[in-house]
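# Tertiary structure, described
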Amino acid sequence: MSLKGLREKFHNLDAKFSSVFHKEEDGMKKPSWAKIIPTWLFLIIVLSLISSLAISSYTVEVHEELTPTFSEYTLEYGSYKSSIYYIYPKAGSNSKDVYHISYDGNLKAVLDTSNIFYSDKFEMIMDSYLNGDNEYNASVNLELTAYDSNDKKIETSYSMGLDDGNLNIKHGVIDLLLFSGSKIDFKDGILTITFNGQDQRLSDSSFNTTLQNIDHINGVIHVFNKNTVETSNPNYYNYTLNFKIPKSSINVKNI
């Protein structure tokens, strides 16, 4: 078709389209607002939906509640006042009591992530993170919080003066949920979290006996791109996985 023919075809189509939104009054064409306004609104809604779908197609935002396929928390702990040792601070102030403290515990939770949204991407992120490449710039955070049967938080983290092995008391932190020996494994969609630790030394304070009141432990795993906070960025992802270790899987003893 020649350029002239294309031009005439375009004008004919334009005239047909224009006639839909105009009406003849007194020999003049006037806009038919009863048709134009609803059409505008319809187009705005359609374009908004298309824009939203375009963004969500590469925005990975996942919030999931997972039930562990296996979970366990065990803790044996003890603390009692020493009749032999005391802390002697600066001259002129009173000495402080010293406590013998000890603990031996472990925590393990096994989570099946194969059915979460964007599980394939989660697998690629975790594989890369754990093998050391971390090409997706992942940050993996884990929070564990213990509660009693009334959903009141139980303190498991203790800031205390600790014996350095030579009867010198230095500041330190002991967390009886997040033990120092931690490990995360991931294989075939199964995420395994393991914590274990034990210690025996002198301290300037004792453990809280409410540890025996632990009814359940809530966990949150947060995996996100530490370099990207804008959801419009195609590299953005944010996984929040929640789980609960129930009372039936918890064994705490004060020895």
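For the structure itself, consult the block above.
In this report, the structure presented in the accompanying data block is examined. (Residues numbered from 1 in each chain as written. Predicted model: local features only at pLDDT ≥ 70, side-chain atom pairs only at ≥ 80, totals over all residues. Heavy atoms only, no water.)

### Details of the overall build of the protein chain
Put simply, the rule is: In this description a helix means any DSSP run of H or I spanning at least four residues, a strand means any run of E spanning at least two, and both kinds are numbered starting from the N terminus. Only heavy atoms matter for contacts: two residues are in contact if any of them lie within 4.5 Å across the pair. Accessible surface area values rest on a Shrake-Rupley calculation with a 1.4 Å probe, where residue burial reflects the displayed protein chains alone.
Broken down by element type, the protein chain carries 3 helices and 14 strands. The contacts in the protein chain between residues at least 6 apart in sequence include a share of 70% that link residues at least 24 apart. Surface exposure of the protein chain reaches about 16200 Å², of which carbon and sulfur atoms provide 51%.

### Overview of the pairing of strand β11 (residues 190-203)
Filter applied, for reference: Any two strands are treated as partners once DSSP identifies two or more bridges connecting them.
Across 14 bridges, the pairing between strand β5 (residues 96-112) and β11 is antiparallel. Its bridge partner being in β11, Ser 102 is matched across the sheet by Gln 200. Where strand β10 (residues 181-187) and β11 come together, 7 bridges link them in antiparallel fashion. In the strand pairing of β11, Lys 187 is matched with Ile 190.

### Observations concerning the packing of aromatic side chains
Each aromatic ring pair is specified by the distance between its two centres and by the angle formed by the two planes. Using the following cut-off: To pair, rings of Phe, Tyr and Trp, with the six-membered ring standing in for Trp, must have centres within 6.5 Å; the planes then decide the type, stacked if under 30 degrees apart, edge-to-face if over 60, and tilted in the middle. Three labels apply to residues, based on accessible area from a 1.4 Å probe with only protein chains included: buried if under 20% of the type maximum, exposed if over 50%, partly exposed otherwise in between.
Taken as a whole and assessed by the stated rule, the structure comprises 7 aromatic pairs. Measuring from centroid to centroid gives 6.3 Å for Tyr 237 and Tyr 239, while their planes differ by 50°, and the two rings are tilted. Its relative accessible area of 1% is what places Tyr 237 among the buried residues. Taken together, the ring pairs connect Tyr 77, Tyr 103, Tyr 158, Phe 179 and Phe 207 into an aromatic cluster.

### So, the sheet that holds strand β7 (residues 153-154)
Note the following rule: Axis lines are fitted to C-alpha atoms, over the contacting stretch for helices. Their N-to-C directions set the angle, which ranges from 0 to 180 degrees.
Reading across the sheet, the 5 strands line up as β3-β13-β12-β6-β7 and stay open at both edges, with mixed pairing between neighbours. Strands with a single pairing partner mark the edges of an open sheet, and in this sheet they are β3 (60-66) and β7. Sheet analysis places strand β6 (residues 138-147) next to strand β12 (residues 216-225), joined by 10 bridges and oriented antiparallel. Following the sheet pairing, Glu 143 is matched in β12 by Val 220. Across the sheet, helix α3 (residues 119-130) touches β3, β6, β12 and β13 (237-245), and the angle it forms with β13 is around 85°.

### A word on the pairing of β12
Alignment of β12 against β13, held across 8 bridges, turns out to be antiparallel. Within β13, the residue paired with His 222 across the bridge is Thr 240.

### So, the side chain of His 216
Quick note on the threshold: Within 3.5 Å is the distance limit for a polar contact, defined as a pair of N or O atoms, with the added protein rule that one can donate a hydrogen and the other accept it, and that residues adjacent in sequence qualify only through two side-chain atoms.
Note on placement: His 216 falls in strand β12. Owing to a relative accessible area of 5%, His 216 belongs among the buried residues under this scheme. One polar contact links His 216 to Asp 215, side chain to side chain, over a distance of 2.9 Å. If near-sequence neighbours (up to four positions away) are discounted, His 216 is found in contact with Thr 145, Ala 146, Tyr 147, Asp 148, Asp 151, Lys 244, Ile 245, Pro 246 and Ile 250.

### Some thoughts on the nonpolar core
How we decide: Take the buried residues of types Ala, Val, Leu, Ile, Met, Phe, Trp, Tyr and Cys, join any two whose side-chain atoms come within 4.5 Å, and each joined set is a nonpolar core.
Counting 46 residues, the largest nonpolar core has Tyr 73, Leu 176, Phe 207 and Ile 217 as the members making the most contacts within it. If one sorts the elements of this core by residue count, β5 sits on top with 6 residues. Setting aside residues up to four positions removed in sequence, Leu 176 forms contacts with Tyr 73, Leu 75, Tyr 103, Thr 156, Tyr 158, Phe 207 and Leu 211.

### Things to note about the pattern of salt bridges
Side chains bearing opposite charge may pair, as long as their charged atoms lie close to each other. Counted only if it meets this: When a carboxyl oxygen of Asp or Glu lies within 4 Å of a side-chain nitrogen of Lys or Arg, that pair is called a salt bridge.
Taken as a whole and judged by the stated rule, the model has 3 salt bridges. Of the charged contacts, one joins Lys 81 and Asp 97 as a salt bridge, the two residues approaching to 3.4 Å between their closest N and O atoms. Taken together, the residues Lys 81 in strand β4 (residues 70-87) and Asp 97 in strand β5 connect sequence positions 16 residues apart. Between Asp 199 and Arg 201 there is a salt bridge, with its nearest N and O atoms 2.7 Å apart. Its relative accessible area of 23% is what places Asp 199 among the partly exposed residues.

### A look at α3
Where we set the bar: To estimate how far a helix should reach, multiply one less than its number of residues by 1.5 Å.
Its 12 residues place the ends of α3 16 Å apart at the C-alpha level, agreeing with the 16 Å of an ideal helix rising 1.5 Å per residue. What α3 keeps buried is the set Ser 119, Phe 122, Ile 125, Met 126 and Ser 128. Next to the buried residues of α3 lie β6, β10, β11, β12 and β13.

### Observations concerning the environment of Ile 101
Inspection of the secondary structure puts Ile 101 in strand β5. For Ile 101, a relative accessible area of 3% gives the class buried. Separated by 103 residues in sequence, Ile 101 and Asp 204 have C-alpha atoms that sit 9.6 Å apart. Those residues in contact with Ile 101, other than ones at most four positions away along the chain, are Gly 78, Ser 79, Met 160, Leu 162, Ile 174, Asp 199, Gln 200, Arg 201, Ser 203, Ser 205 and Phe 207.

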